[in-house]
Amino acid sequence: MITMNQPAIDDFMQMVVKRNPAQLEFHQAVYEVAMNIIPFIEEHPEYKKANILERMIEAERILIFRVPWMDDAGNYRVNRGYRVQMNNAIGPYKGGLRFHPNVTLSVLKFLAFEQVFKNSLTTLPMGGGKGGSDFDPKGKSDNEVMRFCQSFMTELFRHIGKDTDIPAGDIGVGSREIGYLFGQFKRLTNEFTGVLTGKGYAYGGSLIRPEATGYGLLFFVEEMLKTKGQSIKNKKVVISGSGNVAQYAIEKTLAFGGIPLTASDSNGFVYDPDGIDTDKLAFLMELKNKRRGRISEYADEYGCPYYAGEKPWKIPCDVALPCAVQNELNETDAQLLIKNGCKLVAEGANMPTTPEAISLLQKNEILYAPGKASNAGGVAASGLEMSQNSIRLYWTREEVENRLKVIMHNIHEQCIQYGKKADGTTDYLKGANIAGFVRVADAMLAEGHV
Ligand code: NDP
């Protein structure tokens, strides 16, 4: 997308690429923000004078460490651990840990950068961070995962704390991993504090935290559809992924009367023309969370088509929810969605839509919501878990879910406030970028040259 400020954006991006060579995902995330923020800053000299955007793209601190561990066969193994502490202008660093073989510094910097804006949008006092490792929990025994988590925390514990940096889960880090990480933190520090979120309910977790990203996504989708006088009821919904976010996106789609048609993993996708109902979802959850099997087994169980090595975007739908991984929806996929009548794309994953695909969706007036707005429900519920830990109380499911709903409504309002176009429609990406930016930028101005 070419704008009046393109030369300034190009100059800025040249500097970003030069200072962060070969970090393609990070460049992409910064570009998506710069496109909206540079024109905004031109009209707000106080931010320009203080070089706020240049400061925001520089992590406050990055930790990289060795994670040695031993597998069940007694072999010495080693992985690389990271924590990117991006920005703590509005609160302690907060953001998940990802365990996946594709984890690199670039991936974690893009995620940490996005997290700063997302956390700001929730209006809760949380700065942005992200971390993880190139360790792959898939195919590892529980004991191997535990030994890895203990070794990872043996270094990380000295850099985090309930008022410093509070990690959570992400791809490859679910309740099992959070439990092992928390157990090790407690042994090392002799402290029981809310240093991680996504904890089990028995030891300080919040009700609705597991559901929060998927549920929040659907709350946001309903808000978007409401602006067109519609709802998700009876709409066909194509969803990618079959992990935490996808599972609860399917659950809430069903609760709102929508028809979830697909689920996927890194090997392929299943298309269930009759819709994934509550019983089938229970099977999928058992398959993925307990047996840790492949999505193709869903097709075997219910006799529906399985597409190996493919993505679900070719299935005709009204609504598409990418809930797996970055850059999983490209320009060709967007073309297919548009051709088949899709009217709304909302991101459950972080940066799943490529810039070319976003541009195409927007040109074709498809409602498009960026993850930093539409998937903020997860970190919002993490913020609520931190509050409960601090006051040492548990809130009910209804209380947490109602708060989550209000937060998603407010994020939608902020997108409209900053993203409303002359024709009355909303540019959600612009709205989310500017709303997220303003709060952090104002705090940075107030805190001086930090
Ligand atoms: P999970 O690990 O629970 O699930 C990830 C899903 O994505 C799995 O189905 C996985 O399949 C699939 N996947 C991973 N890599 C690929 C790939 N290269 N191609 C296709 N599919 C792939 O993670 P979450 O559900 O927690 O996270 C999903 C997305 O949502 C991520 O982008 C994450 O950053 C984002 N997110 C998560 C939040 C949370 O609260 N959990 C909050 C906000 C955003 P397989 O099993 O084969 O690896």
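Predicted model only: the values in this text are computed from it and were never measured.

A few words now on the overall build of the protein. Of regular secondary structure, the protein possesses 17 helices and 13 strands. Taken over the C-alpha trace, the protein has a radius of gyration of 21 Å; the compact-globule value for 450 residues is 22 Å, and the two agree within 12%. Based on the C-alpha atoms only, the size of the protein along its principal axes is roughly 60 × 55 × 45 Å. Residues counted as buried form 57% of the 450 residues belonging to the protein. Total accessible area computed for the protein in this model is approximately 18,400 Å², and 51% of it derives from carbon and sulfur atoms. Here the protein carries 51 positive and 53 negative side-chain charges, and the mean point of each set is 3 Å from the other.

On to the pairing of strand β8 (residues 262-265). Residues Thr262 and Ser264 point to one face of β8 and Ala263 and Asp265 to the other, with burial holding for every one of them. Of the pairings in the sheet, the one linking β8 to strand β9 (residues 268-271) comprises four bridges and is antiparallel in character. Opposite Thr262, over in β9, you have Tyr271 as the bridge partner. Between the antiparallel neighbours β8 and β9 lie two residues.

In the region of the ligand, 25 residues are neighbours, and Lys138, Asp170, Thr213, Ser266 and Arg294 sit closest. At 2.9 Å, a side-chain N or O of Arg98 approaches an oxygen atom of the ligand. Contact distances for the ligand include 2.7 Å between an oxygen atom and a side-chain N or O atom of Thr213. Of all the secondary-structure elements, those providing two or more residues to the shell around the ligand are α9 (244-255) and β8. Here the shell around the ligand is built from residues that sort into six nonpolar, twelve polar and seven charged.

The backbone of Asn190 sits at a positive phi, close to 55°, despite the residue not being glycine. Along the chain, Asn190 falls in the loop between α7 (175-189) and α8 (212-226). According to the relative accessible area criterion, Asn190 is exposed, its value standing at 72%. Not every positive phi belongs to a glycine, and Met351 is a case in point at roughly 50°. With respect to the helices, strands and loops of the structure, Met351 is situated in the loop between β12 (344-346) and α13 (355-363).

The subject of this paragraph is the sheet that holds strand β10 (residues 306-308). Reading across from one edge, β8-β9-β10 is the order of the three strands in this open sheet, with antiparallel pairing throughout. Each edge of the open sheet carries a strand with a single partner, namely β8 and β10. Looking at each pair of strands side by side, their axes are set apart by 15° on average, direction ignored.

As defined by bridge partners, strand β6 (residues 236-239) adjoins strand β7 (residues 259-260) across two bridges and the pair is classed as parallel. Each residue of the ladder has a partner; that of Val237, found in β7, is Pro260. Where β6 lies against strand β11 (residues 319-321), three bridges are found, and the strand directions are parallel. For Val237, the partnering residue across the bridge sits in β11 and is Val319.

Read across the sheet, five strands follow the order β7-β6-β11-β12-β13 without closing on themselves; strand pairing throughout is parallel. Whereas interior strands pair on both sides, the edge strands pair on one side only; in this sheet they are β7 and β13 (367-369). Note: β12 against β13, three bridges, orientation parallel. In the sheet register, Val345 faces β13, and the bridge partner there is Tyr368. Sheet strands in contact with α8 are β11, β12 and β13, and its direction is about 150° off that of β12.

Quick look at the environment of Pro125 now. One can find Pro125 in the loop between α5 (105-121) and β4 (128-133). Sequence separation between Pro125 and Ala432 is 307 residues, and the spatial gap between their C-alpha atoms is 17 Å.

Parameters at a glance
- Residues numbered from 1 in each chain as written.
- Predicted model: local features only at pLDDT ≥ 70, side-chain atom pairs only at ≥ 80, totals over all residues.
- Heavy atoms only, no water.
- Helix = DSSP H or I, 4+ residues; strand = E, 2+ residues; numbered from the N terminus.
- Rg over C-alpha atoms; globule rule 2.2 N^0.38 Å.
- Buried < 20%, exposed > 50% of the residue type's maximum accessible area, 1.4 Å probe, protein only.
- Areas by Shrake-Rupley, 256 points an atom, 1.4 Å probe, with all protein chains shown as cover.
- Lys, Arg positive; Asp, Glu negative; His and termini not counted.
- Charge placed at Lys NZ, Arg CZ, Asp CG, Glu CD.
- Pairing = 2+ DSSP bridges.
- Near = heavy atom within 4 Å.
- Polar contact = N/O pair within 3.5 Å; in protein donor to acceptor, adjacent residues only side chain to side chain.
- Nonpolar A, V, L, I, M, F, W, Y, C, P; charged D, E, K, R; others polar.
- Axes fitted to C-alpha atoms, helices over the stretch in contact; angles between N-to-C directions.
- Contact = heavy atoms within 4.5 Å.

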